Amino acid sequence: MVALCRIRRPHLLFSNSFKQLLNIWNYNNILIQTPFTKHNLSPFSSTPTSQKPINSLSPISIDDSRIVDRLVHIFTKPLDSSKSQELDELGSKITTFIVEFVLRKLRNWRIAYLFFNWASNLKGYRHNCHTFNLMAECLSGARQIDSMRVLVNDVVKFQCYFTPRGLGFFIRCLGNQGLVKEANELFDQMKKSGLCVPNCFTYNCLLDAVSKAGDVGLIELRLKEMCSYGWELDKYAYTPVLQCYCNAGNFENALVVFNEMHKKGLVDAHVLSILLVSFSKWGKVDKAFELVERIEDLNISLNEKTCFVLIHGFVREGKTDKALQLLDKMKNLGFVLDISVYGVLIEELSRNKEIEKAMQLYEDMNVSGVHPDIKILSDLMSCVREERDMIRIVEGRHESLDLKARMLLYNSVLKGLINNGSTDKAYRLLSASTGLDSGGDFNEDIIFPMKELACPNTISFEIVIDGLCRADRLEVALNLFRYMDHIGCKRSVLLYNNLIDSLSRASRLNECYKLLDEMKQSEFQPTHYTYNSIFGCLCRQGDDAVALAMVREMRVHGHQPWIKYYTLLMKKLCKDGQVVKASNFLADMVQEGFLPDVVGYSAVIDGLVKIKQLDEALNLFRGICSRGYCPDVVAYNIMINGLCKAKRVPEAQNLHDEMMDKGLIPSVVTYNSLIDGWCKNGDIDRAISYLTRMNVKEREPNVITYTTLIDGLCNAGKPSDAISLLVKMEANGCSPNRITFMALISGLCKCRKPDDALIYLQEMERKDMKPDPSIYIVLIDAFIKNMNPNEACDLLQKVVHDESLQDLNIKSRPILKEAIRSLSADPRTSSHVKILLEEGHLTALCNVCEIG
């Protein structure tokens, strides 16, 4: 359990030193007496709770009262030379007692600071700790940080003596404004110069200031000093240390402090709140909730503010269930729940579509007399599915809402219907609210009363038209859009964009252009979304000429064509064999001032590679760099693969080295292309070297890598190495597929090792992998050449009795014919072939009936 757990190995910076500090205190408590005894500091409380300087003022005399009143009067009026004589007279009578009273009466920090500095310059007058503290309190309250820094320097400059409590108060004023460095330095200077002998109260105030900055090292140092004096650490020493660790996110040490405080009976609601709120802030939701569960054992009650903070934290971390449990606990404790707690929970539940829980909270609000605001009502409306729930939410609420809130609620109803797939009902509700005939008896609909909520506005039409477009009801959406003119409802850019996008997806370009012209003639300016919707349609249709015209228009209006659309155009043109057109389109885009993305260039380069125009592809590839782009790994892979397939492997190798020099990391695809290239180029050793490189570069070889190398090794006459690589492949966790096995079987047959090949064919069959029919023909041929006609004949019989193996390619048919002739001529197998011929099994196979 979090609250009371013992950390096995606490952080050495605090936990061990903390235990050492406790030991030091125990030791010093026995062997030494505090060095401050002669200063009679023991009566001072260590509690740093006082926000005001010590009230040392006695009743003021009549004469002093008159001086105070005159000074207040003079300094609160505009100062001029006429007051100088009176100020001189008053200055000769001034005391720290009078200064204190004047500072208390001056309400403006500027006037107070002016008076304070005037008094500082009086001959024979010196401020004391009380006047400094009053000025510090005033400046701190006004957040005058620069003036506070000057005041710190004055304390040291004028060598002012401070009581321990006085210095503690001054340090707290500094800490409240984040001046931790200044507070720490002042503490050391006052202590070193003997201007103040700090006691535990002073130290506690310093700890409080340091905790706000989260300086763990400094607060541990000061704590160690306190323990070295033999002082017992109280709640006001522990609490800032706990806060400091929490602020730093160091919960291991925070728990050590908390456990120590609990052991000494120092944990109260405030201490508990520090830990809980920090857990929540740092996302340690489970630990926070575990600690909440232990509250009863600790005999402590949480306050409302802490609970509210925790609920918000739980929701922020997606732990709504924990938040709801804490909410129940708050109800049991009798807390009054406000609208913000309900609001954050209902918002999250609505977002997660937890409708029943959201509605239950809504009912709880009603029972508790908490009136939901429009935000809560809108959140609920967006998630409920049942129309009766919608009615229940709106019922009795809309009368108390103003016009703006009713409009928001009405639009939430429309949005809720759309989100629930009730687009038709949303359309009919909007139609009924505007007097448009929707073609149905809406009066019978349960949602009918909603039409009285508000008069639809532009947002209402945006919601419904967008829903109609997404439901492929474009004609209805267009009619509704046109109807807006009749009721005087203003259109919007969003409406135009949604309709143009939907029309473009339906390839209704003429209507797109009509709406575009309408926008231009109205107050609405087409956006990049407007133009790109039409541009996307042109690209999908492969209309490069009109697409280029649109690009030119976009340039005039300062819009960029979207990469995904012109890349799509490039791919379509290349697929249709119009690679030159695609290349020209990119050149025209450059001419118009647009630099196409490397993705677009890659699409054209890929098209050129596929039609074997490698040199043109290479020129375009080189041109990318000259236009300010660095080709990415994909672009390099396209070129490397193309060059390898064209057996221009050294050039591909150069590109690989180039991409490495540019800091690009080759992918598995890169290595696979080069391995395939070197294998087909007859340099198997070079190909194998790339497998080693992949391991060094932490690029995991895949099934394509191994299959390519197995095929290459067999072609190089190294069947044993191919088999070893298959074993290694499986050992590395890469499972061979049917292509791998077929490559190995075919390769072993080429190396005149059909017996080994047959083993792997049988392994394929055990793994339910279906080889191509050609594999059987290759094996039959290999066994005949290896003087083993009986195995060949067995395989032939398998082929003729399995129809799925008779779909032979053109290359396999002549091999099979020759194999049948050979087996017919061999006395060991001729009788078997003759039977197959007589039974007609070979008639349909390879058209070899004449062999009989």
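Residues numbered from 1 in each chain as written. Predicted model: local features only at pLDDT ≥ 70, side-chain atom pairs only at ≥ 80, totals over all residues. Heavy atoms only, no water.

### Description of the overall build of the chain
Piece 1. On a plain count of helices and strands, the chain comes out with 46 helices and 0 strands.
Piece 2. Sorting the 852 residues of the chain into buried and exposed places 51% on the buried side.
Piece 3. Considering only contacts in the chain between residues 6 or more positions apart, those separated by 24 or more positions represent 66%.
Piece 4. Looking at the chain as shown, the accessible area adds up to about 41,000 Å², and 50% of this sits on carbon and sulfur atoms. (Helix = DSSP H or I, 4+ residues; strand = E, 2+ residues; numbered from the N terminus. Buried < 20%, exposed > 50% of the residue type's maximum accessible area, 1.4 Å probe, protein only. Contact = heavy atoms within 4.5 Å. Areas by Shrake-Rupley, 256 points an atom, 1.4 Å probe, with all protein chains shown as cover.)

### Brief notes about the pattern of salt bridges
Piece 1. What the rule picks out here adds up to 46 salt bridges.
Piece 2. The partner of Asp-501 in a salt bridge is Arg-505, and the shortest N-O contact between them spans 3.1 Å. Note that Asp-501 and Arg-505 are positioned in helix H27 (residues 493–505) at a spacing of 4 residues, about one turn of the helix.
Piece 3. Here Asp-501 falls in the buried class, since its relative accessible area comes to 11%.
Piece 4. Through salt bridges with shared partners, one network takes in Glu-347, Glu-348, Arg-351, Lys-375 and Asp-379. (Salt bridge = Lys/Arg side-chain N within 4 Å of Asp/Glu carboxyl O.)

### Side note on the environment of Leu-664
Piece 1. With respect to the secondary-structure elements, Leu-664 resides in the loop between helix H36 (649–661) and helix H37 (668–680).
Piece 2. Spatially, the C-alpha atoms of Leu-664 and Cys-630 are 9.9 Å apart, while their sequence positions differ by 34 residues.
Piece 3. Apart from the residues lying within four places of it in its own chain, the contact partners of Leu-664 are Pro-631, Asp-632, Val-633, Tyr-636 and Met-659.

### Comments concerning the layout of surface pockets
Piece 1. What the largest pocket holds in volume is close to 380 Å³.
Piece 2. Along its surface, the largest pocket is lined by 15 residues, and Ser-746, Lys-750, Val-778, Lys-811 and Ile-815 are the ones closest to its centre.
Piece 3. Among the residues making up the lining of the largest pocket, the classes are represented as 6 nonpolar, 4 polar and 5 charged. (1 Å grid on protein atoms, 1.4 Å probe; cavity = no way out; pocket = protein on both sides within 12 Å on 5 of 7 lines; lining within 4 Å. Points joined across faces, edges and corners; volume = space filled by probe spheres on them. Nonpolar A, V, L, I, M, F, W, Y, C, P; charged D, E, K, R; others polar.)

### Looking at the environment of Ala-254
Piece 1. Along the chain, the position of Ala-254 falls in helix H13 (residues 251–263).
Piece 2. Its relative accessible area of 0% is what places Ala-254 among the buried residues.
Piece 3. In this structure the C-alpha to C-alpha distance between Ala-254 and Leu-275, which are 21 residues apart in sequence, comes to 7.8 Å.
Piece 4. Leaving out residues up to four positions away in the same chain, Ala-254 has contacts with Leu-242, Tyr-245, Cys-246 and Leu-275.

### Digging into helix H45 (residues 812–825)
Piece 1. Given a rise of 1.5 Å per residue, 14 residues ought to cover 20 Å, and the 20 Å separating the end C-alpha atoms of H45 matches this to within 8%.
Piece 2. Residues of H45 that are buried include every one of Ser-812, Leu-816, Ala-819, Ile-820 and Leu-823, and no others. Buried residues along H45 cover an arc of 100° about the axis, so they all sit on one side.
Piece 3. In this structure, the buried side of H45 is in contact with helix H43 (773–785), helix H44 (789–801) and helix H46 (830–838). (Expected span 1.5 Å × (residues − 1). Arc of directions from axis to C-beta.)

### A word on helix H7 (residues 145–157)
Piece 1. With 13 residues, H7 should cover 18 Å at 1.5 Å per step; its first-to-last C-alpha distance of 18 Å lies within 8% of that length.
Piece 2. For H7, the full list of buried residues reads Ser-147, Met-148, Leu-151, Val-152, Asp-154 and Val-155. Across the axial projection of H7, the buried residues extend over an arc of 160°, all falling on one side. Among the exposed residues of H7, those pointing more than 90 degrees away from its buried face are Asp-146, Asn-153 and Lys-157.
Piece 3. Directly beyond the C-terminal end of H7, a positive phi value near 50° is found at Gln-159.

### A short note on the side chain of Glu-462
Piece 1. Mapping Glu-462 onto the fold places it in helix H25 (residues 458–470).
Piece 2. Buried and unpaired, Glu-462 has Lys-415 as its nearest opposite-charge partner, separated by 8.8 Å.
Piece 3. Once residues within four sequence positions are removed from consideration, Glu-462 is found in contact with Ser-492, Leu-494 and Leu-495. (Lys, Arg positive; Asp, Glu negative; His and termini not counted.)

### Points about the side chain of Gln-653
Piece 1. The topology assignment puts Gln-653 in helix H36.
Piece 2. On the accessibility criterion, Gln-653 (8% relative accessible area) is buried.
Piece 3. With residues near it in sequence (within four places) discarded, Gln-653 still touches Leu-674, Trp-678, Arg-686, Tyr-690 and Arg-693.

### Observations concerning the packing of aromatic side chains
Piece 1. Counted according to the given criterion, the structure contains 17 aromatic pairs.
Piece 2. Here Phe-621 and Tyr-636 contribute two aromatic rings whose centre-to-centre distance is 4.9 Å and whose plane-to-plane angle is 80°, an arrangement assigned as edge-to-face. Placement of the pair is Phe-621 in helix H34 (residues 614–626) and Tyr-636 in helix H35 (residues 633–645), with a sequence separation of 15 residues. Of the two residues, Phe-621 and Tyr-636, both sit in the buried class.
Piece 3. Residue placement shows Arg-686 over the ring face of Trp-678; its charged tip is 4.4 Å from the ring centre. (Phe/Tyr/Trp six-rings, centres within 6.5 Å; stacked < 30°, edge-to-face > 60°. Lys NZ or Arg CZ within 6 Å of the ring centre and 35° of its normal.)

### Overview of unusual backbone geometry
Piece 1. Not every positive phi belongs to a glycine, and Lys-353 is a case in point at roughly 60°.
Piece 2. Residue classification places Lys-353 among the partly exposed positions, given a relative accessible area of 42%.
Piece 3. Phi at Arg-752 takes a positive value of approximately 60°, unusual for a residue other than glycine.
Piece 4. Secondary-structure assignment places Arg-752 in the loop between helix H41 (738–750) and helix H42 (754–766).

### Regarding the confidence of the model for the chain
Piece 1. Confidence along the chain averages 83 in pLDDT terms, with 88% of residues attaining 70 or more.
Piece 2. Within the chain, no element has a lower average pLDDT than helix H1 (residues 12–31), which sits at 38, and none a higher one than H27, at 95.
Piece 3. Note on residues 848–852: pLDDT is under 50 here. Beyond four places in sequence and across chains, it has 11 contacts. (pLDDT = per-residue confidence, 0-100.)

### Let's talk about the packing of H25 against helix H26 (residues 474–483)
The axes of two packed helices give the description: the angle between them and the distance between them.
Piece 1. Where H25 contacts H26, the two axes come as close as 8 Å, and the packing angle between them is 160°. Relative to H26, the element H25 is oriented roughly antiparallel. Regarding H25 and H26, the two cross each other, and that crossing is left-handed. Contacts between H25 and H26 involve Phe-461, Val-464, Ile-465, Leu-468 and Cys-469 on the former and, on the latter, Leu-474, Val-476, Ala-477, Leu-480 and Phe-481.
Piece 2. When the residues that make up the contact of H25 with H26 are grouped by side-chain class, the tally is 10 nonpolar, no polar and no charged. (Axes fitted to C-alpha atoms, helices over the stretch in contact; angles between N-to-C directions. Parallel < 35°, antiparallel > 145°, perpendicular 65-115°, else oblique. Left-handed = near helix turned anticlockwise from the far one by under 90°.)

### Some details on the state of the cysteines
Piece 1. Within this structure, the stated rule accounts for 0 disulfides.
Piece 2. Cysteine Cys-539 is unpaired, with the sulfur of Cys-537 as its nearest cysteine sulfur at 9.3 Å. (Disulfide = S-S within 2.5 Å.)

### Here's the deal with the packing of helix H11 (residues 216–228) against helix H12 (residues 235–247)
Piece 1. Relative to each other, H11 and H12 sit at 160°, their axes nearing to 10 Å. For the element pair H11 / H12, the angle class is roughly antiparallel. The element H11 and its partner H12 pack so that their crossing is left-handed. Taking contact as the criterion, the partners of Val-216, Ile-219, Glu-220, Leu-223 and Met-226 in H11 are, on H12, Ala-237, Pro-240, Val-241, Cys-244 and Tyr-245.
Piece 2. In terms of residue class, the contact of H11 with H12 is built from 9 nonpolar, no polar and 1 charged.

### A closer look at the environment of Asn-654
Piece 1. With respect to the secondary-structure elements, Asn-654 resides in helix H36.
Piece 2. A residue is classified by how much of its surface remains accessible, and Asn-654, at 51% relative accessible area, is exposed.

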